[in-house]
Amino acid sequence: MDEREFDDFYLASFQRITAQVYAMIGNRDEAQECVQEAFARAWAHRRKLDRAEHPEAWVRTTAYRLAVSRWRRTVRGRRPVDRALGAPTEAAAPSESHVALVAALKRLPEAQRQALVLHHIADLPVHDVAREVGVPEGTIKARLSRGRAALAALLADEEGLSHA
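Residues numbered from 1 in each chain as written. Predicted model: local features only at pLDDT ≥ 70, side-chain atom pairs only at ≥ 80, totals over all residues. Heavy atoms only, no water.

Looking at an unreviewed UniProt entry, the protein chain carries the name SigE family RNA polymerase sigma factor, with the source organism given as Nocardioides aquiterrae. Regarding the protein chain, the relevant UniProt record gives this comment under Sequence similarities (unreviewed entry): "Belongs to the sigma-70 factor family. ECF subfamily." (UniProt positions renumbered as here; feature names shortened; annotations may be inferred.)

Structure, rendered in structure tokens:
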């Protein structure tokens, strides 16, 4: 993958991967940082990515794993809050439905959340989700079914609270 191809790949997929990782972890700034780091690593491994079947899946998986690693370090208290970062950039306020969806996704078990995001937001077919996560297709189907049911209940509860 040469520089121009990598630039095209980055431009075509950065926003999409960031949105997908954001949906999985629930923190937009953290998602952007992890996706940026994943692309930096992808650049270092661009020859390997050139031979990979799905470079976008490689970047998404790397970004997600980076987010999990950061979260673990934070929880364990080994990493103090990074105060060197500048002020957050201005972004349009998310809609109420978007906020409700992200809040509901955060309340789901990680495996269900990951399956739902990869299938419905990343628009991957079940067999690709199974391959990326490393579990059988039947497991992904079960996680999707249970996740959709739990998500529907959580969103219905949220809807009921907003009309109360």
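Asker: Sorry if this is basic, but what is going on with the pattern of salt bridges here?
Answerer: Where side chains of opposite charge bring their charged atoms close, a pairing between them can arise. A full pass over the atoms with the stated rule returns eight salt bridges. We note a salt bridge from Asp8 to Arg4, for which the minimum N-O separation is 2.8 Å. Of this pair, Asp8 and Arg4 both sit in helix α1 (residues 3-25), four residues apart, which is roughly one turn of that helix. Put simply, Glu37 and Arg41 hold a salt bridge, and the shortest N to O gap is 3.0 Å. Of this pair, Glu37 and Arg41 both sit in helix α2 (residues 28-44), four residues apart, which is roughly one turn of the helix. Where salt bridges share partners, they join Arg16, Glu56, Arg60 and Glu132 into one cluster. (Salt bridge = Lys/Arg side-chain N within 4 Å of Asp/Glu carboxyl O. Helix = DSSP H or I, 4+ residues; strand = E, 2+ residues; numbered from the N terminus.)

Asker: I would appreciate a short explanation of unusual backbone geometry in the present structure.
Answerer: A positive phi is found at Asp123, a non-glycine position, where the angle reads about 60 degrees. Assignment of secondary structure puts Asp123 in the loop between α6 (110-121) and α7 (126-133).

Asker: Looking at this structure, how should I read the side chain of Gln114?
Answerer: Relative to the helices and strands, Gln114 resides in helix α6. Under the relative-accessibility criterion, Gln114 is labelled buried at 16%. Aside from chain neighbours lying at most four places away, what touches Gln114 is Met24, Tyr64 and Val133. (Buried < 20%, exposed > 50% of the residue type's maximum accessible area, 1.4 Å probe, protein only. Contact = heavy atoms within 4.5 Å.)

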